[in-house]
Amino acid sequence: MATWNHILLIDSNSPLMEQLNFFHDHTLLIITLITILVGYNMLSLLTNSFINRFLLHGQLIEIIWTILPAIILLFIAFPSLRLLYLLDETNKPSLTLKSIGHQWYWSYEYSDFKNIEFDSYMVPSAELNEGDFRLLDVDNRIVLPNHTQIRLIATATDVIHSWTVPSLGVKIDATPGRLNQTNFYMNRSGLFFGQCS
């Protein structure tokens with residue numbers, strides 16, 4: 001669970017979120033190296049006395065600073081495309097959960113079973129118990145198995161909602177009149193909080 005002083009991404013509970021964390025770290029390393037290089041060049045320009053006669057004319061340096069950013073973008077693009085493919089990949093799900101977004105609450109249906117559906121309302125601040133989380137705890141929680149491929153089908157009845165569980169790396173828009181689908185896999189059991197974002 002993220003707290004006020006949490007700097008990086010929260011701990012992952014699914015293989016997809018682990019891949020998202022790796023991609024974040026990979027991209028952050030590239031951006032840090034670029035920032036250091038540009039900062040060094042700016043600092044050296046400030047302390048330079050500009051006495052080199054070849055400083056303003058150089059086709060080699062122009063070729064380098066044209067091709068190098070393209071190569072750097074490829075180092076970011078290829079892992080990004082791989083990750084986008086993994087996020088959209090739908091394997092054979094063992095369980096299907098239908099999530100219907102309403103104004104201020106969600107309805108859930110376990111589609112593989114008959115007549116298992118319920119509404120999930122946020123617990124009001126006045127009714128919270130000791131240790132409960134304000135604006136996160138609900139009265140009816142979803143119970144899902146771990147080490148199981150789960151398909152989520154999301155829709156809405158009134159406005160666009162977004163079903164999100166950050167520690168699983170899942171975020172899907174629930175649009176009225178449409179069905180969106182995603183899948184996720186939980187590595188371990190626990191209490192995972194999500195929100196409509």
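On a predicted model such as this, the values are computed, not experimentally measured, just so you know.

## Quick notes on the nonpolar core
Within the largest apolar cluster, 18 residues are counted, with the highest numbers of intra-cluster contacts made by Y108, L152, W163, L168 and F184. Of all the elements in the fold, those that place two or more residues in this core are strand 1 (95–102), strand 2 (105–110), strand 4 (149–156), strand 5 (161–165) and strand 6 (170–174). Residues within four places of W163 in sequence aside, it is in contact with S99, W106, Y108, I142, L152, V170, K171, I172, F184 and Q195.

## A look at the domain arrangement of the protein
Where interface size is quoted, it is often the accessible area lost as the parts come together. Parsing the protein into structural domains produces domain 1 (15–48 + 57–88) and domain 2 (95–186). Taking only C-alpha atoms into account, the centre of domain 1 sits 37 Å from that of domain 2. Residue-level contacts link five residues of domain 1 with seven residues of domain 2. Summing the contributions of domain 1 and of domain 2, the shared interface buries around 400 Å²; its carbon and sulfur component is 58%. Contact with domain 2 buries surface across domain 1, with P15, L16 and M17 losing the most and accounting together for 76% of the total. If you look at where domain 1 meets domain 2, you find zero salt bridges. Per element, the largest residue contribution to the side of domain 1 that touches domain 2 is four residues, and it comes from helix 1 (residues 15–47). In terms of residue class, the side of domain 1 that touches domain 2 is made up of five nonpolar, no polar and no charged.

What counts and how
- Residues numbered from 1 in each chain as written.
- Predicted model: local features only at pLDDT ≥ 70, side-chain atom pairs only at ≥ 80, totals over all residues.
- Heavy atoms only, no water.
- Core = buried A, V, L, I, M, F, W, Y, C linked by side-chain atoms within 4.5 Å.
- Buried < 20%, exposed > 50% of the residue type's maximum accessible area, 1.4 Å probe, protein only.
- Helix = DSSP H or I, 4+ residues; strand = E, 2+ residues; numbered from the N terminus.
- Contact = heavy atoms within 4.5 Å.
- Domains from an automatic or database assignment.
- Buried area = accessible area lost by both parts, 1.4 Å probe.
- Salt bridge = Lys/Arg side-chain N within 4 Å of Asp/Glu carboxyl O.
- Nonpolar A, V, L, I, M, F, W, Y, C, P; charged D, E, K, R; others polar.

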